[in-house]
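Survey of secondary and tertiary structure
Single-letter residue listing:
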Amino acid sequence: MLKLRLITYGCQANELDSERIAGLLGREGYELIEHDEEADLIILNTCAIREKAEQKVYSRLGTFRELKRRKKGLRVGICGCVAQQEGQALLNRFPYLDFVVGPAQLTSIPTLLRERANRGIATARAPAFSYPSTAPIHRRSGIKAWVSIMEGCDRFCAFCVVPFTRGRERSRPPQEIVEEIRGLKEQGYREVTLLGQTVNSYGKNPRAPATFVELLRMIDHIIEGEMRVRFTSPYPGDVTEELAEALADLHSLCEHIHLPVQSGSNRTLRRMKRGYSRDDYLGKVELLRTRVPELALTTDIIVGFPGETERDFEETLSLIQDVGYDGAFIFKYSTRPHTPAARMSDQVPEEVKGHRLEQALGLLNMLSLERNRAYLGRTVEVLVDREDVKGDAVRLAGRTRGNKIVHFSGEEQRDGDLVPVAITGASALHLQGEIVSNGTKSLWKKDLTTLHPLSMIS
Ligand code: SF4
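Predicted, not measured: the structure shown is a model, and the values here were computed from it.

To continue, consider the pairing of strand 11 (residues 228–232). Counting buried positions along strand 11 yields four of five residues, so the element is predominantly enclosed. The pairing of strand 10 (residues 191–195) with strand 11 spans five bridges and is classified as parallel. Its bridge partner lying in strand 11, leucine 195 is registered against threonine 232.

As a further point, take the sheet that holds strand 10. On the basis of which strands lie adjacent, the open sheet formed by three strands has the order 7-10-11 and parallel pairing. The two strands at the open ends of the sheet, each matched to only one other strand, are strand 7 (144–148) and strand 11. Strand-to-strand, the axes of this sheet are offset by a mean angle of 25 degrees, without reference to chain direction. Looking at chain direction, strand 7 and strand 10 are connected through five bridges and run parallel. Residue valine 147 lies in a different strand from strand 10, and its bridge partner there is leucine 194. Here helix 8 (residues 174–186) sits on the sheet in contact with strand 7 and strand 10, set at roughly 170 degrees to strand 7.

Looking now at unusual backbone geometry. A cis geometry characterises the amide bond from threonine 232 onward to serine 233, with omega recorded as -10 degrees. One non-glycine residue, phenylalanine 156, lies in the positive phi region at around 55 degrees. In this fold, phenylalanine 156 is placed in the loop between strand 8 (150–151) and helix 7 (162–165). What makes phenylalanine 156 partly exposed here is the crowd of 14 C-beta atoms within 10 Å. Residue glutamate 224 is not a glycine yet carries a positive backbone phi of 50 degrees. Mapped onto the fold, glutamate 224 is located in the loop between helix 9 (212–223) and strand 11. Taking the C-beta count within 10 Å as the criterion, glutamate 224 has 11 such neighbours and is therefore assigned exposed.

Our next topic: the site of the ligand. Residues in contact with the ligand, as listed here, are Cys153, Arg155, Phe156, Cys157, Cys160, Val162, Pro163, Gln197, Thr198 and Tyr235. Grouping the amino acids of the shell around the ligand by side-chain chemistry returns seven nonpolar, two polar and one charged.

Over its twelve residues, helix 2 (residues 51–62) extends 17 Å from the first C-alpha to the last, a length consistent with the 16 Å expected when each residue adds 1.5 Å. Every buried residue belonging to helix 2 is among Glu54, Val57 and Leu61, and all of these are buried. Across the axial projection of helix 2, the buried residues extend over an arc of 55 degrees, all falling on one side. In helix 2, the exposed positions that point more than 90 degrees away from the buried face belong to Lys52, Gln55, Ser59 and Gly62. Along its buried surface, helix 2 packs onto strand 3 (41–46), helix 3 (64–70) and helix 4 (81–86).

Turning next to the pairing of strand 7. Counting buried positions along strand 7 yields five of five residues, so the element is predominantly enclosed. Because side chains alternate across strand 7, one face comprises the buried residues Lys144, Trp146 and Ser148, and the other comprises Ala145 and Val147, equally buried.

We now examine the environment of alanine 341. Positionally, alanine 341 belongs in the loop between strand 14 (327–332) and helix 14 (350–373). Assessed through the 21 C-beta atoms surrounding it within 10 Å, alanine 341 is described here as buried. Sequence-distant contacts of alanine 341, that is, excluding residues within four places in its chain, are made with Ala158, Phe159, Phe305, Pro306 and Thr335.

Sheet strands pair via backbone hydrogen bonds, and the direction of the pair is either parallel or antiparallel. On the basis of which strands lie adjacent, the open sheet formed by six strands has the order 2-1-3-4-5-6 and parallel pairing. Pairing within the sheet leaves two strands with one partner each, and these edge strands are strand 2 (30–33) and strand 6 (120–122). Adjacent strand axes in the sheet meet at a mean angle of 20 degrees, parallel and antiparallel pairs treated alike. The pairing of strand 1 (residues 2–8) with strand 2 spans four bridges and is classified as parallel. When the bridges of strand 2 are listed, leucine 4 appears paired with leucine 32. Against the sheet, helix 1 (residues 12–26) contacts strand 1, strand 2, strand 3 and strand 4 (75–80), and its axis sits at roughly 170 degrees relative to strand 1.

A word on the environment of proline 236. Along the chain, proline 236 falls in the loop between strand 11 and helix 10 (241–249). Looking at proline 236, the number of C-beta atoms within 10 Å reads 23, which means it is buried. Those residues within four positions of proline 236 in sequence are excluded, and the remaining contacts are Leu259, Val261, Tyr276, Tyr281 and Lys284.

The tendency in soluble globular proteins is for nonpolar side chains to be buried side by side. The biggest cluster of nonpolar side chains holds 102 residues, and the ones touching the most others in it are Ile21, Val101, Val147 and Ile149. Both domains that furnish three or more residues to this core are identified here as domain 1 (2–122) and domain 2 (144–373).

Between its terminal C-alpha atoms helix 14 stretches 34 Å, which fits the 34 Å expected from 24 residues at 1.5 Å a residue. Along helix 14, the residues classified as buried are Lys353, Arg356, Ala360, Leu364, Leu367, Ser368, Arg371 and Asn372. Buried residues in helix 14 make contact with strand 13 (296–303), helix 13 (310–323), strand 14, strand 18 (418–426) and strand 19 (430–435).

On to the packing of helix 13 against helix 14, then. As a packed pair, helix 13 and helix 14 sit with axes 10 Å apart at the nearest point and diverge in direction by 10 degrees. With respect to each other, helix 13 and helix 14 are oriented roughly parallel. Remark: the crossing between helix 13 and helix 14 carries right-handed chirality. Contacts from Phe313, Thr316, Leu317, Ile320 and Gln321 of helix 13 reach helix 14 at Arg356, Gln359, Ala360, Leu363, Leu364 and Leu367.

This brings us to the domain arrangement of the chain. Looking at the chain, the domain boundaries give domain 1 (2–122), domain 2 (144–373) and domain 3 (379–450). Between the C-alpha centres of domain 1 and domain 2 the distance comes to 28 Å. If you look at the interface, domain 1 gives 14 residues, while domain 2 gives 15 residues. Secondary structure elements with two or more residues in the side of domain 1 that touches domain 2: helix 1, helix 2 and helix 4. No other element matches the four residues that helix 1 contributes to the side of domain 1 that touches domain 2. Each residue belonging to the side of domain 1 that touches domain 2 can be placed in one class, and the counts come to seven nonpolar, three polar and four charged.

Analysis parameters
Residues numbered from 1 in each chain as written. Predicted model: local features only at pLDDT ≥ 70, side-chain atom pairs only at ≥ 80, totals over all residues. Buried ≥ 20, exposed ≤ 12 C-beta atoms within 10 Å, placed from the backbone. Helix = DSSP H or I, 4+ residues; strand = E, 2+ residues; numbered from the N terminus. Pairing = 2+ DSSP bridges. Axes fitted to C-alpha atoms, helices over the stretch in contact; angles between N-to-C directions. Contact = placed C-beta atoms within 7 Å. Near = placed C-beta within 6 Å. Nonpolar A, V, L, I, M, F, W, Y, C, P; charged D, E, K, R; others polar. Expected span 1.5 Å × (residues − 1). Arc of directions from axis to C-beta. Core = buried A, V, L, I, M, F, W, Y, C linked by C-beta atoms within 7 Å. Domains from an automatic or database assignment. Parallel < 35°, antiparallel > 145°, perpendicular 65-115°, else oblique. Left-handed = near helix turned anticlockwise from the far one by under 90°.

This is the structure we're talking about:
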């Protein structure tokens, strides 16, 4: 068998793309391995969302020059958003690179590999392709699966490369999605996460025969209480009353939403072209929390966007405080090619960005700890998905419906079990607990986490 080393950077869409690449190449006789030295083929599946992520790719790529010199026949390729963004420039800059493939051209990889004589490139001027439903996916987990429901984005936020690297918005037919999830259920999967760059804009452009909420209801119907459903990432402007209702009453839908806000300042939100104000966003949070009081809420925040003043930043801090997030990804702004923000003249100095990042993270950690401490003494439903054996002790880990990581001890439980865990400890990032009794499939109930709803902290 040929050996494939597949290195993935970035978001869940990239994780799924790597599973697609592994599926396509599995059909060509490749097996996945973990060490660069043993590989016949190394693929970096890359992320261009932040400068740091892109630099990581280049420095990793640099390490393969020597390996290629030592190992005759080794091939190295780049896929993903950096491949789409940089194209031919990558082949020019790295003479030992064999191929460059954008996220919308994954199915061309086997052909490029067969054409061994040429250094191949497959990127699209306007990415528009969707991965065929009949093409293979080699899923890493037997418990949790990513399911793409839409690709691309039409929003063109001022800082974001996604509309350039992944193209314009396109939704998969609902029936195709439902069939994929039915198949996952039959294979024993316990959780699906529906993916899309603005996942709740599903069905709008071009119009699909179902809206996002109608799709959620179709999925809930066929799942029959056997699986958890999550989705990421929703666009705040498209959070509707119907979506809040679905979160409240669909058995399968987990009580967690990752709702990227990016900034708490109206001035910065306008310059970012986010299409909503601070009050609009807070209104959506209120709507969701009124319908689902125990909802866990996480977000993405950028600090140091061009022109961000101390006052703008303080508004972001006050929004973090007002919402009381369960968690957040907070990043320093970094310039991205082709984006309007990269051309803005009032870039914020690095040290100011660094200082703001520390402040925002400090506040977030304090609030997350407070939110997590509210779980002490409660019993939550945990889906086991990780085992960690240290000495004689078996430590398990899993996630609550609110997507919180819980560590606990257990010997009889296996990945995919649902267990009730009494929470005995909390940190800002995770919970610890003890199993209350042996978990069985009969625990598939929404009620377990709603016994003691969390109140809003703000
Ligand atoms: S909505 Fe999200 S994916 Fe689309 S342009 Fe804005 S930040 Fe990028």
